[in-house]
Amino acid sequence: QVQLVESGGGLVQAGGSLRLSCAASGSIFGINVMGWYRRAPGKQRELVATITSGGSTNYADSVKGRFTISRDGAKNTVYLQMNSLKPEDTAVYYCQLQRTMSGYTYWGQGTQVTVSS
C-alpha cells in the first residue's frame, strides 16, 4: 500500500555532509511516523531519527546536533540532513513509515552512506 523510494546516499569525507531523501507514495495517511534507521556492517539496525505527522522529532543520541530530519508540506517526503559525518556513520540507511494506530511498518530499499576517515 505504501512505497518508499530513497536517494542521496554516497561517499563522503569525514566532516562532510549528505542529505537523504525518501519519497512515499500509495495509501498514505496523515497519522503516521516516518523515520530513518541504519545498519552498519556487523551491527544491528538502529534508529537514527523519526518525525511525526505533526512535526515532532526524535533522534538517536549518536546523531543529536549533527543530523536533522524534516518532512515536506505534503507530508509525503522525509529528509535527513547529515552534517559533521563520522566514519562510524557508515551504514545502509533505511527509510521507514509506520502507521500510528496499527503500527504497521513499511521500509525502503536502503541507501548506502560511506564516510571515509
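Up top is the structure these notes are about.
Colleague: Looking at this model, I keep getting lost on the overall build of the protein chain. Mind explaining?
Modeller: On a plain count of helices and strands, the protein chain comes out with 0 helices and 11 strands. Overall, the protein chain shows an N-to-C arrangement of helices and strands of β-β-β-β-β-β-β-β-β-β-β. C-alpha atoms of the protein chain, sized along the principal axes, occupy 40 × 25 × 20 Å. Relative to its 117 residues, the protein chain shows a buried fraction of 42%. The contacts in the protein chain between residues at least 6 apart in sequence include a share of 54% that link residues at least 24 apart. A total accessible area of about 6,000 Å² is found for the protein chain, and carbon and sulfur atoms account for 49% of it. Computing the positive centroid from 11 side-chain charges and the negative centroid from 6, the protein chain places the two 4 Å apart.

Colleague: What's the story with the packing of aromatic side chains in this structure? I'm lost.
Modeller: Each aromatic ring pair is described using two quantities: the centre-to-centre distance and the angle formed by the ring planes. Under the defined criterion, the tally for this structure stands at 2 aromatic pairs. Ring centres of Y37 and W107 lie 5.2 Å apart, and the angle between their planes is 70°; on these two criteria the pair is classed as edge-to-face. One end of the pair, Y37, is in strand β4 (residues 32-39); the other, W107, is in strand β10 (residues 105-107), with 70 residues separating them in the sequence. What makes W107 partly exposed here is its relative accessible area of 31%. The side chain of R45 reaches across the aromatic face of W107, ending 3.9 Å from its centre.

Colleague: Help me understand the pairing of strand β7 (residues 67-71), please; the structure alone is not making it clear to me.
Modeller: Side-chain positions along a regular strand alternate between the two faces of the sheet. Burial along β7 is one-sided: F67, I69 and R71 are buried, while T68 and S70, pointing the other way, are not. As paired elements, β7 and strand β8 (residues 77-82) share 5 bridges and run antiparallel to each other. Looking at the pairing, S70 lines up with Y79 of β8.

Colleague: I would appreciate a short explanation of the sheet that holds strand β1 (residues 2-7) in the present structure.
Modeller: In a beta sheet, neighbouring strands pair by backbone hydrogen bonds and run either parallel or antiparallel. The antiparallel open sheet is built from 4 strands, whose spatial order is β1-β3-β8-β7. Here the strands that pair on one side only, and so sit at the sheet edges, are β1 and β7. Along the sheet, successive strands turn relative to each other by an average axial angle of 15°, direction set aside. When strand β3 (residues 18-26) meets β8, the two strands line up antiparallel, connected through 6 bridges. Residue pairing in the sheet places R19 in a bridge with Q81 of β8.

Reading the values: rules and limits
- Residues numbered from 1 in each chain as written.
- Predicted model: local features only at pLDDT ≥ 70, side-chain atom pairs only at ≥ 80, totals over all residues.
- Heavy atoms only, no water.
- Helix = DSSP H or I, 4+ residues; strand = E, 2+ residues; numbered from the N terminus.
- Buried < 20%, exposed > 50% of the residue type's maximum accessible area, 1.4 Å probe, protein only.
- Contact = heavy atoms within 4.5 Å.
- Areas by Shrake-Rupley, 256 points an atom, 1.4 Å probe, with all protein chains shown as cover.
- Lys, Arg positive; Asp, Glu negative; His and termini not counted.
- Charge placed at Lys NZ, Arg CZ, Asp CG, Glu CD.
- Phe/Tyr/Trp six-rings, centres within 6.5 Å; stacked < 30°, edge-to-face > 60°.
- Lys NZ or Arg CZ within 6 Å of the ring centre and 35° of its normal.
- Pairing = 2+ DSSP bridges.
- Axes fitted to C-alpha atoms, helices over the stretch in contact; angles between N-to-C directions.

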